[in-house]
Amino acid sequence: MKTALISGITGQDGSYLAEFLLQKGYEVHGILRRSSSFNTGRIEHLYFDEWVRDMKQKRTINLHYGDMTDSSSLIRIIQQVQPDEIYNLAAQSHVKVSFDVPEYTAEADAIGTLRMLEAVRILGLEKKTRIYQASTSELFGKVQEVPQKETTPFYPRSPYGVAKQYGFWITKNYRESYGMFAVNGILFNHESERRGETFVTRKISLAAARIAQGEQDKLYLGNLDARRDWGYAKDYVECMWLILQHDVPEDFVIATGEMHTVREFATLAFKEAGIELRWEGEGVDEKGIDVATGKVLVEVDPKYFRPAEVEQLLGDPTKARTLLGWNPCKTSFEELVSIMVRHDMEKVRRMIATKH
């Protein structure tokens, strides 16, 4: 049985990856940050006794307290677990927030990656442990070519992107310096019903569900023209695993190869919730209007603009498709939006039911 260690296991990607690896027969360990409130909602179903018993499984998920800003905890956990594979998914991953906490973002996302790699090296596991580093399309920022592929020059436009660029290069450096199987997956935007509620896609799907059921009046968004390559997180974790199973350590772009605007995402989400939107005006004055009632449901709020905006991101998944046999279009953009809105419609319905 292979053993995997996931940092960031309580996040969207971590929870899907844990499920995926359990199905593959792995023993799964996760690093958990100490918090005074529970932050394990996305993975509770993986370690509750009832679930384990009903699935006739041994408890195959084990959580350890640690932090990407504390190298002693990483060394302790890696020494104890002796993992065959490490998936470093932990990060301060909110681009807008990285402008507010740039130093912490660098500590967790840049130096945190170094701490993880160095822990493996100190413990003499360079030849045993394969390391996956979660890289990001934000590395490309002010894009130098369209679409972006593994050879496209980086031009990050946020403290998050800059920190992740350090993480990318230090991973490559340890691979080339110490012969470690350490690789980067450059993931373009990937969403799901487990996405944090402050991320724009989830903010839209929740608002559409709430507005449709009379629980919210309006949705405020930033740059409606921002274009992104949006995929389904559940599909993307499979590619992370495939990258670590590859014969040679290489970096891969993980993307769908399709681009859509924030406006398109909102239009589809509201349609799924039963509301047809019409867009009027432009720039900060643009509004999304309910065709049936004439009510303004979506407005632009300049406070959501970033100090340095990334206008478009479009990935080229050719390498992952050809070398790994990964299918980037398993879940279409339309299906992704539908999955998210249906989930949030149900969530809002349950919330209303408990209120009454």
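The rules behind each value
In this convention, every chain numbers its residues from 1, walking through the sequence in written order. Local features in this predicted model are restricted to residues whose pLDDT is 70 or higher, and side-chain atom pairs enter the listing and the counts only when it is 80 or higher, whereas totals over whole chains, interfaces and linings include all residues. Hydrogens and waters are ignored; side-chain quantities use all the structure's heavy atoms. UniProt positions are given in the numbering used here, feature names are shortened, and annotations may be inferred rather than shown by experiment. Working definition: helices are DSSP H or I runs of at least four residues, strands are E runs of at least two. Numbering for both runs from the N terminus. When checking whether two residues touch, look at their non-hydrogen atoms; a contact exists if any pair is within 4.5 Å. Nonpolar core, defined: a set of buried Ala, Val, Leu, Ile, Met, Phe, Trp, Tyr and Cys residues in which side-chain atoms within 4.5 Å join the residues together. Each residue's exposure class comes from its accessible area (1.4 Å probe, protein chains only) as a fraction of the maximum for that residue type: buried when under 20%, exposed when over 50%, partly exposed otherwise. Think of each axis as a best-fit line through the C-alpha atoms, taken over the contacting stretch in the case of a helix, with angles from 0 to 180 degrees between the N-to-C directions. When an angle is under 35 degrees it counts as roughly parallel; over 145 it counts as roughly antiparallel; between 65 and 115 it counts as roughly perpendicular; any other value is oblique. Each crossing gets its hand from how the near helix is turned against the far one by less than a right angle, where anticlockwise is left-handed and clockwise is right-handed. Note on residue classes: Ala, Val, Leu, Ile, Met, Phe, Trp, Tyr, Cys and Pro are nonpolar, Asp, Glu, Lys and Arg are charged, and everything else, Gly too, is polar. Here the term patch refers to residues with relative accessible area over 30% and no salt bridge, with like charges joined within 9 Å and nonpolar side chains (Val, Leu, Ile, Met, Phe, Trp, Tyr) within 5 Å. Each accessible area is a Shrake-Rupley estimate made with a 1.4 Å probe; only the visible protein chains count as cover when residues are assessed. What counts as a salt bridge is simple: a side-chain nitrogen of Lys or Arg found within 4 Å of a carboxyl oxygen of Asp or Glu. The charge count treats Lys and Arg as positive and Asp and Glu as negative. His and the chain ends do not count. For this purpose, a charge sits on NZ of Lys, CZ of Arg, CG of Asp or CD of Glu. Only strands joined by at least two bridges in the DSSP assignment are considered to pair. An automatic or database domain assignment is the source of the domain bounds shown. What counts as buried area is the accessible surface, traced by a 1.4 Å probe, that two parts surrender upon association, with contributions from both included. Here a polar contact means two N or O atoms within 3.5 Å. Within protein one must be a hydrogen donor candidate and the other an acceptor candidate, and residues neighboring in sequence count only if both atoms are side-chain atoms. A helix is expected to reach a length of 1.5 Å times the quantity of its residues less one.

You'll find the chain entered in an unreviewed UniProt entry as GDP-mannose 4,6-dehydratase, with Bacteroides faecis given as the organism. According to the UniProt record, the Cofactor (unreviewed entry) comment for the chain reads "NADP(+)". The UniProt entry for the chain carries this comment under Sequence similarities (unreviewed entry): "Belongs to the NAD(P)-dependent epimerase/dehydratase family. GDP-mannose 4,6-dehydratase subfamily."

Moving on, we get to the side chain of glutamate 191. Along the chain, glutamate 191 turns up in strand β7 (residues 190-191). The contact partners of glutamate 191, leaving out residues within four places of it in the chain, are Gln12, Thr201, Trp230, Gly231, Tyr232, Ala233, Leu336 and Met340.

Our next topic: the nonpolar core. Of all hydrophobic cores here, the largest spans 65 residues; its most connected members are Ile6, Leu21, Val28, Tyr87, Tyr132 and Phe270. Looking at which element gives the most residues to this core, the answer is helix α9 (residues 233-245), with nine residues. In terms of nonpolar packing, the next biggest core, distinct from the first, is built from 19 residues, Ile31, Leu125, Tyr174 and Ala182 among them.

What follows covers the packing of helix α6 (residues 102-122) against helix α7 (residues 159-178). The axes of two packed helices give the description: the angle between them and the distance between them. Remark: α6 packs on α7, axes separated minimally by 8 Å, with the N-to-C direction vectors making an angle of 15°. For the element pair α6 / α7, the angle class is roughly parallel. Where α6 crosses over α7, the handedness of that crossing is right-handed. Taking contact as the criterion, the partners of Pro102, Thr105, Ala106, Asp109, Ala110, Ile111, Thr113, Leu114, Leu117, Glu118 and Arg121 in α6 are, on α7, Pro159, Tyr160, Ala163, Lys164, Tyr166, Gly167, Ile170, Thr171, Tyr174 and Tyr178. Residue composition of the contact of α6 with α7, by class: 13 nonpolar, four polar and four charged.

Our next topic: a negative patch on the surface. A cluster of acidic residues, Glu258, Glu264, Glu334 and Glu335, forms a negative patch on the protein surface. Mapped onto the elements, glutamate 334 comes out in helix α12 (residues 333-355). The class of glutamate 334 is partly exposed, set by a relative accessible area of 43%.

Another aspect to go through is the sheet that holds strand β14 (residues 287-290). Taking strand neighbours across the sheet as the criterion, the four strands line up as β8-β15-β14-β13 in an open arrangement whose pairing is mixed. Of all the strands in the sheet, just β8 (219-221) and β13 (277-280) have a single pairing partner and so form its edges. Averaged over all pairs of adjacent strands, the angle between their axes in this sheet comes to 20°, without regard to strand direction. Note: β8 against strand β15 (residues 296-300), three bridges, orientation parallel. Directly across from leucine 221, in β15, lies its bridge partner valine 300. Sitting on the sheet, helix α8 (residues 200-212) touches β8 and β15, and the angle it makes with β8 is about 160°. Packing against the sheet, helix α10 (residues 262-272) makes contact with β8, β13 and β15, and its axis sits at approximately 150° to β13.

So, on to the domain arrangement of the chain. Along its sequence, the chain is organised into domain 1 (1-191 + 229-257 + 311-330) and domain 2 (198-222 + 260-307 + 337-353). On the domain 2 side, the residues contacting the nine residues of domain 1 number 14 residues. Both sides together, the interface formed by domain 1 and domain 2 hides about 990 Å², and carbon and sulfur atoms give 71% of it. Joining domain 1 to domain 2, the criterion identifies one salt bridge. For arginine 306, the salt bridge goes to glutamate 138, with nearest N and O atoms at 3.9 Å. Across the contact surface, domain 1 and domain 2 share two residue pairs in polar contact (both at pLDDT 80 or more). Looking at side-chain class alone, the side of domain 1 that touches domain 2 contains four nonpolar, two polar and three charged residues.

Helix length check: α8, at 13 residues, gives a terminal C-alpha distance of 18 Å against a target of 18 Å (1.5 Å per residue), a fit within 8%. Thr201, Arg202, Ile204, Ser205, Leu206, Ala207, Ala208, Ala209 and Ile211 are the residues of α8 that are buried. Looking at the packing, one finds that the buried side of α8 touches β7, β8, α10, β15 and α12. Directly after α8, the chain includes glycine 214, whose backbone phi takes a positive value near 70°.

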